[in-house]
Each structure stands twice: as C-alpha cells, then as structure tokens.
Amino acid sequence: MRKRKIMTCLALMAAFLLSSGSARAADWIESADVSWYETNSADVSFTINRAEELAGLAKLVNDGTEMFEGKTVKLGKDIDLSGRVWTAIGHSTRTGFQLLHCFRGTFDGCGHTVKGLCEIKSPEIVYGTPYIGYIGLFGYCEAVYPAFKNLHIEGNIRPSQADKDAGAVDFYIGGLLGATQSTANGTINKTIENCSFTGKISSDAPGYVGGIASISWCGFLNCYVSADITLTSNAYVGGVVGEAGRGVENCGFTGSIVLTAPSASGTSYVGGVAGLIHTVGSMTNCASFCDMNIKTAQNAQIGGVAGNLWGWNTITACTGEGTITASTPEGKSLFIGGVAGYADIIS
C-alpha cells in the first residue's frame, strides 16, 4: 500500500512538472533565439527566418540589449506564431522623454507574412499598479525612428489573460503596432508603408484599436486591413488606425466593426479607416467597405472613413460603403457620416 501511494505521488508530481513546463513553453519569449544577432552584432542588417528568432528580437529590444537604431531587420521567410502567447516588441519605459526599450530600426517584411498571432502579452506587466497594455506584433515605439514596411500579418488578436490578471486598465491594440510616442507638430516622423492585416481583433477592455496600429504619430501609406473588430468596452477604433497624428494615404479597410461602450463619459470615435485624425493628419485616397454596429452610452462620432477630423485636416478623394447602425442614450450627441462623422473640411 505504501509503495502504491509513493508511486501515485510521483505520478502526480511528474504531471505537475509537465504541465508547468507546458505553461512556460506557451510563451514564445521562453524559446527566444538571439544567436542571429550575437554572432553578427556589428552588422547593420539582419535576416530572421524562424519564430524563435523573431522572439529573439523581442527579447533583445525588451531587455534593452539592442534597439537597432540605424539598422535593418528583414524577414527571410513567412513565420508562424500559432499556438503560443506572443510578447510584443518594445515598451514604454523611459527616462524623461527618452524611451529605453523600443525598436528604432527598419523592419522590412520583404513581402512575407507573420501569421498565427493570437493572444498577445504586453512587454511590461506591472503587478499591483494600473497600467496600459500595448498589444501588437510590436508594442510601443517612437514615431521618429522606426520604419515598418512590406509586411503582412494574420491573426485573431486579443490581449493576454496575464495582463488582465495583473491589472491592465487600458489596451492599445494594433495588428502591427500597439502605439507610438506622440511628437510635436513640426517633427518629421517615419511612415508605416505597404503593411496589411487579415483576421480578427477582440477586446473587453477600454482603449484604442486599429487593424494596423491603435494610436500612431507615424504616417500610413498603402496599408490595408481585412478584419472583424469586436469590442465590448469604450474605445477609439478605426479599421486601419484608432487615432492618427500624421497623414493616411492610399489605405483601406474591409470587414466589420462592432462596438458596445457601456461607460457614459467621453466620446466614441469610430471610422472605417481611422477613428480620429488630428494634428497634421489629413486623409487622401482612402476607402472602407464595412458594416458598423455601434451601441454606446457616450457621445459618438462615426464615419464610413473617419469618425472625427480635428482642426483643418482634410479628407480628399475618400469613400465609404456599408451599413452604419448606431444608438446613443437620450441627451448624448450622435454624428454619423458616410465619409466623416465630424469634420471641418471635406474636398
């Protein structure tokens, strides 16, 4: 009998260890491979071919080992991130305005696809303190340094349970990029160019959401999204970008946006391409073909292309097609437009 009990305990212990190992292996960062960098760290161009190597890029940047300023990282093959949690590349830790753990180089997908993005973890989880989770292939970066181009992303994106358990209060979610640091009006920022996202994005927490980026002071050129976006909390949301501080040109969205915003404070900005455009962020030659179902307790500005354009920004040669269904409580304002929900100039 005693021997049988010992054997049973050993079996249970083995099962526990196996399950613990499986939990650790469920995060790509745990199998990060940085050898591609360490053996050629003086180079200015690097090529990544495997998921483990892409996780290595996340580890190098998030640890503050290398931010790749003046360097280029390319994809040599399609990469599959299915089946594990992805840790976003780059976070917002800083000294003053100086970010310390963000990607500053050029990321060139070379026409390849990163597929299988699903549950994404913020690179800086802060236990016991409310924080913002930056969710995307990349998490947080400066708008003046990095360039992203020639990349297609596929996935069914949602924030990680680890972030929710730790106390994240807002999520900034994008297929490519969580968010960028804001910059002054006259600053020359980089452009996200020839990038696309296909799949789904969902969240039950407030924040900013876009198919490519949630909030960005980078420009957008030739970016396309085909996705179903479903949100059950207050958010600024756009098919391509939730909030843009620079120009959006030749960009498009197909799919659907469903937003249920229960909090009465603030305003819901929803657009087929961009939720909100401000600073120096005019839109040119953009289109959306999508249906929207918006039920919000807030004020709302909803447009087929853009929810709101601040100041003297313009929408030029843009079109929106689809059905917009929206409701707000009595006493709340509701602006709906086939192209723009609210704008100063349309040409």
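Please refer to the structure placed before this passage.
Residues numbered from 1 in each chain as written. Predicted model: local features only at pLDDT ≥ 70, side-chain atom pairs only at ≥ 80, totals over all residues. Heavy atoms only, no water.

This brings us to the overall build of the protein. The helix and strand tally for the protein stands at four helices and 34 strands. Looking at the protein as a whole, 52% of its 347 residues are labelled buried. In the protein, once contacts between residues fewer than 6 apart in sequence are set aside, the share between residues at least 24 apart is 82%. With an accessible surface of roughly 14,300 Å², the protein has 53% of that area assigned to carbon and sulfur atoms. (Helix = DSSP H or I, 4+ residues; strand = E, 2+ residues; numbered from the N terminus. Buried < 20%, exposed > 50% of the residue type's maximum accessible area, 1.4 Å probe, protein only. Contact = heavy atoms within 4.5 Å. Areas by Shrake-Rupley, 256 points an atom, 1.4 Å probe, with all protein chains shown as cover.)

Turning next to the packing of aromatic side chains. Applying the stated criterion across every chain, the model contains 18 aromatic pairs. Considering the side-chain rings of F103 and F107, the 6.5 Å spacing of their centres and the 80° angle between planes classify their relative orientation as edge-to-face. For the pair shown, F103 and F107 are each scored as buried. Between the aromatic rings of F107 and F138, the centroid separation amounts to 5.2 Å while the plane-to-plane angle is 75°, which identifies the pairing as edge-to-face. One end of the pair, F107, is in strand β7 (residues 106-108); the other, F138, is in strand β10 (residues 138-141), and 31 residues separate them in sequence. You'll find F107 and F138 in the same group, each marked buried. A connected cluster of aromatic rings, assembled from ring pairs, spans W36, Y37, F46, F68, F103, F107, F138 and F148. Across from the ring centre of W28, 4.2 Å away, lies the NZ or CZ of R84, which sits over that ring. (Phe/Tyr/Trp six-rings, centres within 6.5 Å; stacked < 30°, edge-to-face > 60°. Lys NZ or Arg CZ within 6 Å of the ring centre and 35° of its normal.)

Moving on: the nonpolar core. Counting 95 residues, the largest nonpolar core has L57, W86, L137, L176 and M283 as its most contacted members. Ranked by the residues each element gives to this core, the list is headed by helix α3 (residues 51-62), at seven residues. Those residues within four positions of M283 in sequence are excluded, and the remaining contacts are V248, V273, A274, I277, V305, A306, T314, I315, T316 and C318. (Core = buried A, V, L, I, M, F, W, Y, C linked by side-chain atoms within 4.5 Å.)

With that settled, consider the pattern of salt bridges. If you walk through the whole model with that rule in mind, you get ten salt bridges. Measuring nitrogen to oxygen at the nearest pair gives 2.4 Å for the salt bridge that ties D33 to R50. One end of the pair, D33, is in the loop between α1 (2-25) and α2 (35-38); the other, R50, is in the loop between β1 (45-48) and α3, and 17 residues separate them in sequence. For E52, the salt bridge is made with R50, and the minimal N-O distance between the two is 3.1 Å. On the basis of relative accessible area, E52 is assigned to the partly exposed category, the value being 22%. Put simply, D33, R50, E52 and E53 are held in one network by salt bridges that share partners. (Salt bridge = Lys/Arg side-chain N within 4 Å of Asp/Glu carboxyl O.)

Turning our eyes to something else, we now look at the sheet that holds strand β16 (residues 213-216). The seven strands are arranged β10-β13-β16-β20-β24-β28-β33 in an open sheet whose pairing can be described as parallel. In the strand order of this sheet, the two ends are held by β10 and β33 (340-342), each with one partner. In this sheet, neighbouring strand axes are inclined to one another by 10° on average, regardless of whether the strands run parallel or antiparallel. (Pairing = 2+ DSSP bridges. Axes fitted to C-alpha atoms, helices over the stretch in contact; angles between N-to-C directions.)

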